[in-house]
Amino acid sequence: MEHITRTPTHQAPAERFTGDVYLNMIETPAEPARLAAALVRFTPGARTNWHSHANGQTLYVTDGTGLVGTRDGSVVRVSAGQTIKCPPGEEHWHGATDTSLMAHIAMVVGDANGDGTTWLEPVTDDQYTHAVDITN
C-alpha cells in the first residue's frame, strides 16, 4: 500500500490550455497499468486545446459546470456527479462555462510512449462562445 497525502498543484501549460487551469496529478502512466489521472480545475472561460487520446478519456466532474465539445459541433453541458467518455481518437475539448468554475478528474490509459494524448490547436473564442450559447 502507498499512502499519498497530497500532490502539488501546478498551473497547466499555456500551450495546451486557454485561461487559468490548475492540475493535481493523481496517477502517472507506469507499467503495467498505464493509468494517468489528474484533478483539473478550470476558472470561468478556461478550457483545453483540441486534443485526442489513443485509448479514449473518461472525465468525472467533481464541482461546478463545464462544457465538452467535439469536432462535429456537439457540445454537452456537464455538472458535478456526471461522467463523460470520449472514445479513442475523438478530437474534443473541455472546460468551464463562462460564469462557473469547473473541476473534473481526467482519466486516460496511456500507451508505451506516455499518456497517449495528441494536443492540437486552441479552441477559438468564437468556437467557445458558440458552445456556451447553444448550451444555455
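Quick notes on the rules
Residues numbered from 1 in each chain as written. Predicted model: local features only at pLDDT ≥ 70, side-chain atom pairs only at ≥ 80, totals over all residues. Heavy atoms only, no water. 1 Å grid on protein atoms, 1.4 Å probe; cavity = no way out; pocket = protein on both sides within 12 Å on 5 of 7 lines; lining within 4 Å. Points joined across faces, edges and corners; volume = space filled by probe spheres on them. Helix = DSSP H or I, 4+ residues; strand = E, 2+ residues; numbered from the N terminus. Nonpolar A, V, L, I, M, F, W, Y, C, P; charged D, E, K, R; others polar. Salt bridge = Lys/Arg side-chain N within 4 Å of Asp/Glu carboxyl O. Buried < 20%, exposed > 50% of the residue type's maximum accessible area, 1.4 Å probe, protein only.

> Go over the layout of surface pockets, please, and point to the residues and values.
By volume, the largest pocket amounts to about 380 Å³. Among the elements of the structure, β3 (21–27), β4 (35–42), β6 (51–53), β11 (102–109) and β12 (117–119) are those that each provide at least two residues to the lining of the largest pocket. With five residues, the top contributor of residues to the lining of the largest pocket is β4. Considered class by class, the residues forming the lining of the largest pocket number 14 nonpolar, seven polar and two charged.

> Before we move on, can you summarise the pattern of salt bridges with the specific residues and values?
Taken as a whole and assessed by the stated rule, the structure comprises three salt bridges. Between Arg47 and Asp125 there is a salt bridge, and its shortest N-O distance comes to 2.8 Å. Remark: Asp125 occurs in helix α1 (residues 125–135) and Arg47 occurs in strand β5 (residues 47–48); sequence separation between them is 78 residues. Among the residues examined, Arg47 registers a relative accessible area of 3% and is labelled buried. You can call Asp125 exposed: its relative accessible area is 55%. Here Glu121 ties to Arg71 by a salt bridge, and the two come within 2.8 Å at their closest N and O atoms. In this pair, Glu121 is assigned in the loop between β12 and α1 and Arg71 in the loop between β7 (57–70) and β8 (75–79), connecting sequence segments 50 residues apart. A single network of salt bridges, built from pairs that share partners, joins Arg71, Glu91 and Glu121.

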